[in-house]
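Remarks on the overall topology
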Amino acid sequence: MRTLEIAVVAMDAVVLLLTVFRLPPRWWQAASKASSMRRWLRAEPVLLAVLLLPLLAHLVIARHRFVMIPAYAVTVALACVLLTRWFRRARRTADAPRRRRPVLRVLGRVTAMMAGALALAVSSAAGFLLPVFKLPTPTGPYAVGYTEEHLTDSSRQEWTTPDEDDLREVEFSIWYPTEATTQGRPLALDRRLAKSAALSASDLTGSSRARGALENLFDYFRLIDTHAVRGGEVVQVPGGFPVIFYSPGAGSGRFDNTSLMVDLASQGYVVVAVDHPYTSGAPVSLSSGRQVDRGPRDPSATEANWLDRASRSVSTNSADLSFILDHLTALNADPGNPFHHRFNLDSVGAMGFSLGGASAEQALADDPRFDAGINVDGTHFGTVRDTGVPTPSLNILSTDHVADISKARKGEQDQDEGSIEDARFQEQFHDRSTGPTWAATIEDTNHFSHDLFSFVVPALNGNTVQPQTEETIRALVSDFFNHTLRGQEPRLLGHDSAVPRKVHFLPDPARPDVQ
């Protein structure tokens, strides 16, 4: 919890205790009678000030959060009670009779105390479990600018909808290097990230009905600075900057790895993050005005059907990346465009998380303009599972993923068809790739350690060292692309290290159980 949130809860608790047990008249009485300012030294106005000042400071300086609503409700209720008492005391005559119902009064006070304490406990627990986190500072020499675009591909029909007139549409963000002196509006985490994070969280809880409430819980993303600005002129360097595409996983969105995108842009890359309609968790606005995302999982889908659909989605997403690369090529050649001669299209990489990692690999196989790629903890769907890729590729696997593949290969326990296929695809991909391949793990990681979801709920997913994990992923990714796109000598690639978390490169990427 933030400092002013703690102040609000603490003052609520103190005033709740004093108000419910009616302590103020006893300890305030002597001072009130002795002062010439008796009217203003009453307990009620002083307690109102103590109650409301932290709330006002919190709302103005730190801004509101959904998780604080129970605490806000306690503040409002206490303020009403104190105001009512204040005006009643002012109007009450000295000999006015008072109603005596001791049993009801005690029950009412106990109920009020329990309700208030429960509300404050809910806000405190939610504030602890969902902290307003800070993203790591970018490591490169450039400031980072941001823009986004929407495109329709008139040459491709949208196969996921029954309407034959639907064309394939994509939305994408561009993070790019800009001058440190650039003036622009600071860019907070996008609100659409709350939607994709809510979808991921609802998948973990197994309840799609909770998605709306989770979106509200994540409303505080708007308070988190990304260390980028909206707009700003693109820095011009001889030959332009290398370009890296990012494809999110199923149910994830293009903002789920914002910290990594900003860091790469600060190091002199143009980063293009894509939302793929009907697989991305973030809403994609179509030209018709509709917004679509992946939607809830189909409980009737079989393992085989899901694998077929995933492979088809990977091929579609790969085509999305090539389509956007065509668009960037046109922008680069247009003298009137701000991105004119800003891209080095002879050095293009692709990376992705989960299903997006497979999409990035598929782009390497489908389009020779892509020179290198990274699959972050994804299964090798698509045709690449049979053909491999002709370019350098890095596979960053969670330790949980490696353990599952190893168990499936060894037959140590009952495995579902997906785990068995995953192990087979891993072996085929690395054995059949003609380009150099590496596979690495970061100690004590799970699937969601590789995006911002671990920042959101570190206490729930067990990854309480996410800043160090993020720093390690940044170092691995930049070292790989510096080597493959810029020709620099690798510092980490292929060598076990600690940057700062321990990174282990698998001796045989095709067989993670072989050490």
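Look a little higher up for the structure.
All chains use their own residue numbering, which begins from 1 and follows the written sequence. At least 70 in pLDDT is required for a residue's local features to be given in this predicted model, at least 80 for side-chain atom pairs to be given and counted, and no such filter applies to totals for whole chains, interfaces and linings, which use all residues. Where side-chain values are given, they derive from all heavy atoms of the structure, hydrogens and water being excluded.

**Remarks on the packing of helix H1 (residues 3–20) against helix H3 (residues 43–62)**
Between H1 and H3, the shortest axis-to-axis distance is 9 Å and the interhelical angle comes to 160°. The angle between H1 and H3 places the two elements in the roughly antiparallel class. Remark: the crossing between H1 and H3 carries left-handed chirality. Residue-level contacts link Leu4, Glu5, Ala7, Val8, Met11, Asp12, Val15 and Leu18 of H1 to Leu47, Val50, Leu51, Pro54, Leu55, Ala57, His58, Ile61 and Ala62 of H3. Gly is put with the polar residues, along with every residue not named as nonpolar or charged; the nonpolar set is Ala, Val, Leu, Ile, Met, Phe, Trp, Tyr, Cys and Pro, and the charged set is Asp, Glu, Lys and Arg. Taken together, the residues of the contact of H1 with H3 sort by class into 14 nonpolar, one polar and two charged. Axis geometry follows a simple rule: fit a line to the C-alpha atoms, using only the stretch in contact for helices, then measure angles between N-to-C directions, giving values from 0 to 180 degrees. Under the DSSP-based scheme used, a helix requires at least four consecutive residues in state H or I and a strand at least two consecutive residues in state E, with every element numbered from the N terminus. Each angle gets one of four labels, with under 35 degrees taken as roughly parallel, over 145 as roughly antiparallel, 65 to 115 as roughly perpendicular, and the rest as oblique. Each helix crossing is assigned a hand: it is left-handed if the near helix lies turned anticlockwise from the far helix by less than a right angle, otherwise right-handed if that turn is clockwise. Contact definition: two residues touch when any of their heavy atoms are within 4.5 Å.

**Some words on the environment of proline 45**
Considering the arrangement of structural elements, one finds proline 45 in helix H3. Relative accessible area decides the class of each residue, using a 1.4 Å probe on protein chains only: under 20% of the type maximum gives buried, over 50% gives exposed, and in between gives partly exposed. Judged by its relative accessible area of 14%, proline 45 falls in the buried class. Through-space distance from the C-alpha of proline 45 to that of leucine 83 is 7.9 Å; in sequence the pair is 38 residues apart.

**Section: the nonpolar core**
For soluble globular proteins, the rule of thumb is that nonpolar side chains tend to be buried together. In terms of nonpolar packing, the biggest core is built from 76 residues, with Trp175, Phe218, Phe221 and Met351 touching the most fellow members. Within this scheme, the nonpolar core is defined by two criteria: the residues are buried Ala, Val, Leu, Ile, Met, Phe, Trp, Tyr or Cys, and they are joined through side-chain atoms within 4.5 Å. Phe172, Val272, Ile324 and Val389 belong to the second largest nonpolar core, which has 30 residues in total.

**Comments concerning the side chain of aspartate 275**
Residue placement: aspartate 275 occurs in strand E6 (residues 270–275). Apart from the residues lying within four places of it in its own chain, the contact partners of aspartate 275 are Val170, Glu171, Pro248, Gly253, Arg254, Ser280, Ala282 and Val284.

**A few points about the packing of aromatic side chains**
Any pair of Phe, Tyr and Trp rings, taking the six-membered ring for Trp, is counted once the centres come within 6.5 Å. Such a pair is stacked with planes under 30 degrees apart, edge-to-face with planes over 60 apart, and tilted for the rest. With the rule as written, the count across this model stands at 12 aromatic pairs. Centroid distance tryptophan 438 to phenylalanine 480: 6.1 Å. Interplanar angle 80°. Geometry classified as edge-to-face. You can see tryptophan 438 sitting in strand E12 (residues 437–442) and its partner phenylalanine 480 sitting in helix H16 (residues 466–486), a full 42 residues away along the chain. Taken together, a centroid distance of 5.3 Å and an interplanar angle of 70° make the contact between phenylalanine 480 and phenylalanine 481 edge-to-face. A relative accessible area of 0% places phenylalanine 480 in the buried class. Taken together, the ring pairs in this structure connect Phe133, Phe218, Tyr220 and Phe221 into an aromatic cluster. Sitting over the face of the ring of tyrosine 220, arginine 65 holds its NZ or CZ atom 4.9 Å from the ring centroid. The residue whose ring lies beneath arginine 486 is tyrosine 269, and the NZ or CZ to ring-centre distance is 4.0 Å. Note on geometry: a ring has a charge over it if NZ (lysine) or CZ (arginine) is within 6 Å of the ring centre and within 35 degrees of the ring normal.

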